[in-house]
Amino acid sequence: PISALHIDGLKDCRIYVGPVNGSVRVVNAIGSTIQLASRQVRIHDSVDCSFLLLVASNPIIERSTRLRFGPYCFHYEGLDAQLEGSALPSSGSDSNSAQWSKVEDFNWLRATASPNWSLIPPEELAGFKVAAPT
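For the structure given in this document, a descriptive report is provided here. Just so you know, these numbers come straight off a predicted model, no measurement behind them. (Residues numbered from 1 in each chain as written. Predicted model: local features only at pLDDT ≥ 70, side-chain atom pairs only at ≥ 80, totals over all residues. Heavy atoms only, no water.)

## Topic: unusual backbone geometry
The phi torsion at Asp12 lies on the positive side, around 55 degrees, for a residue other than glycine. In this structure, Asp12 sits in the loop between strand E1 (5-8) and strand E2 (14-27). Residue classification places Asp12 among the exposed positions, given a relative accessible area of 57%. Notably, Asn28 is not glycine yet its phi reads approximately 55 degrees, a positive angle. Assignment of secondary structure puts Asn28 in the loop between E2 and strand E3 (33-44). (Helix = DSSP H or I, 4+ residues; strand = E, 2+ residues; numbered from the N terminus. Buried < 20%, exposed > 50% of the residue type's maximum accessible area, 1.4 Å probe, protein only.)

Here it is as structure tokens:
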């Protein structure tokens, strides 16, 4: 696993990332789909993106709109061993569902739900499942 990842300036991309031992920072992403496993995810200045995550802490967004979140759906041979080595939950565990949906919007500090993000409906998740060739 890599120790940290910085993604900047994506437009209409699909990104698939295995375990990151530290944090991932996404900046200026537009119309992209990003699947990643990480300790922490921070998203800044992004719009119209889907994030499918396996994270150890709540995802954080700032100055971003129309973001959608779902559980990590990427799989490849050796992934579970890499996750174990990075102390992240396995991709099939119940704990995968624990954090990805608890998004914190630092620009929406009200008691009501943030209008800047939503959950990907369960019926759409099958369209995000990807298995890398072995």
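Let's pick the thread back up.
## Comments concerning the pattern of salt bridges
Enumeration according to the criterion identifies five salt bridges in this entry. The partner of Asp45 in a salt bridge is Arg63, and the shortest N-O contact between them spans 2.8 Å. Taken together, the positions of Asp45 in the loop between E3 and strand E4 (50-55) and Arg63 in the loop between strand E5 (60-62) and strand E6 (67-71) put the pair 18 residues apart, joining distant regions of the chain. Note that Arg66 and Asp48 form a salt bridge whose closest N and O atoms lie 2.6 Å from each other. (Salt bridge = Lys/Arg side-chain N within 4 Å of Asp/Glu carboxyl O.)

## A few points about the nonpolar core
Ranked by internal contacts, the top residues of the largest apolar core, which has 20 residues, are Val26, Ile43, Phe51, Leu53 and Phe69. Elements represented by at least two residues in this core include exactly E2, E3, E4 and E6. Ala37, Leu54, Tyr76 and Leu88 belong to the second-largest nonpolar core, a separate cluster that totals eight residues. (Core = buried A, V, L, I, M, F, W, Y, C linked by side-chain atoms within 4.5 Å.)

## Here we look at the environment of Leu88
For Leu88, the location among the structural elements is in the loop between helix H1 (79-85) and helix H2 (96-99). Taking the C-alpha atoms as reference points, Leu88 and Asn21, separated by 67 residues in sequence, lie 8.3 Å from one another.

Geometric values such as these leave the question of function open.
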